[in-house]
Amino acid sequence: QVQLVESGGGLVQPGGSLRLSCAASGRIRSIYDMGWYRQAPGKQRELVATITSGGSTNYADSVKGRFTISRDNAKNTVYLEMNSLKPEDTAVYYCNADGRYGSGFRFNSWGQGTQVTVSS
């Protein structure tokens, strides 16, 4: 079983920056895609950004130019650098990873979420 734990959330002012981290643990053999999703009150969970094992990235239109996703394969960790934060970025942010663990079993795991609040 693969566990994902997010960290780095908190309260920031509009225009501020925040860096989220998500570390995966377990008998991981390889991680394919990793991504960040968010869910605001009364809204469905939405994709924020993804990154493949090859480093290809994809961003939601609402965060393009402001957020940067990256990963450290040696640490099984994915990051989300958030700049120029807006109140509408307020949400619980979840990380996701899929890959293989143990003897080669496929996994798709979610973190517990970390709260990001953008307010003055």
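Residues numbered from 1 in each chain as written. Predicted model: local features only at pLDDT ≥ 70, side-chain atom pairs only at ≥ 80, totals over all residues. Heavy atoms only, no water.

J.: How do you make sense of the overall build of the chain when you look at a structure like this?
T.: Scanning the chain for helices and strands turns up zero helices and 11 strands. Beginning at the N terminus, the succession of helices and strands in the chain can be written as β-β-β-β-β-β-β-β-β-β-β. In terms of C-alpha radius of gyration, the chain reaches 14 Å, essentially the compact-globule figure of 14 Å for 120 residues. In the chain, which comprises 120 residues, the share counted as buried stands at 41%. Partitioning the intrachain contacts of the chain with sequence separation of at least 6 by distance along the chain shows that 54% fall at a separation of at least 24. With an accessible surface of roughly 6,400 Å², the chain has 44% of that area assigned to carbon and sulfur atoms. Seen as two clouds, the 13 positive and the 9 negative side-chain charges of the chain have centres 6 Å apart. (Helix = DSSP H or I, 4+ residues; strand = E, 2+ residues; numbered from the N terminus. Rg over C-alpha atoms; globule rule 2.2 N^0.38 Å. Buried < 20%, exposed > 50% of the residue type's maximum accessible area, 1.4 Å probe, protein only. Contact = heavy atoms within 4.5 Å. Areas by Shrake-Rupley, 256 points an atom, 1.4 Å probe, with all protein chains shown as cover. Lys, Arg positive; Asp, Glu negative; His and termini not counted. Charge placed at Lys NZ, Arg CZ, Asp CG, Glu CD.)

J.: So what exactly am I meant to see when it comes to the sheet that holds strand β7 (residues 67-72) here?
T.: To summarise the sheet geometry, strands pair through backbone hydrogen bonds and adopt either a parallel or an antiparallel arrangement. With antiparallel pairing, the four strands of this open sheet are ordered in space as β1-β3-β8-β7. Only two strands of the sheet have a single neighbouring strand rather than two, namely β1 (3-7) and β7. Averaged over all adjacent pairs, the angle separating strand axes in this sheet is 15°, with direction ignored. Strand direction decides the pairing type here: strand β3 (residues 18-25) and strand β8 (residues 77-82), joined by six bridges, are antiparallel. Counted as the bridge partner of Arg 19 is Glu 81 from β8. (Pairing = 2+ DSSP bridges. Axes fitted to C-alpha atoms, helices over the stretch in contact; angles between N-to-C directions.)

J.: Where do I start with the nonpolar core in this structure?
T.: Most often, soluble globular proteins keep nonpolar side chains buried together rather than apart. Within the largest apolar cluster, 30 residues are counted, with the highest numbers of intra-cluster contacts made by Trp 36, Leu 80, Met 82 and Tyr 93. Elements that contribute at least two residues to this core include exactly β3, β4 (28-39), β5 (46-51), β7, β8, β9 (91-101) and β11 (114-118). Leave out the neighbours within four places in its chain, and Tyr 93 touches Glu 6, Leu 20, Trp 36, Tyr 37, Arg 38, Val 48, Phe 67, Leu 80, Met 82, Gly 113, Thr 114 and Val 116. (Core = buried A, V, L, I, M, F, W, Y, C linked by side-chain atoms within 4.5 Å.)

J.: Quick question: what am I supposed to make of the pattern of salt bridges here?
T.: Opposite charge on two side chains makes pairing possible when the charged atoms of those side chains draw close. As enumerated under the stated definition, the model contains six salt bridges in all. Between Glu 81 and Arg 19 there is a salt bridge whose closest N-O contact spans 3.8 Å. With Glu 81 in strand β8 and Arg 19 in strand β3, this residue pair connects regions lying 62 residues apart in the sequence. When its relative accessible area of 44% is taken as the criterion, Arg 19 is described as partly exposed. If you follow the salt bridges from partner to partner, you end up with Arg 38, Glu 46, Arg 66 and Asp 89 in one network. (Salt bridge = Lys/Arg side-chain N within 4 Å of Asp/Glu carboxyl O.)

J.: What's the story with the environment of Arg 100 in this structure? I'm lost.
T.: With respect to the helices and strands, the residue Arg 100 is situated in strand β9. Through-space distance from the C-alpha of Arg 100 to that of Arg 45 is 24 Å; in sequence the pair is 55 residues apart. Beyond its immediate sequence surroundings of up to four residues, Arg 100 is in contact with Ile 28, Arg 29, Ser 30, Tyr 32, Phe 105, Arg 106 and Phe 107.

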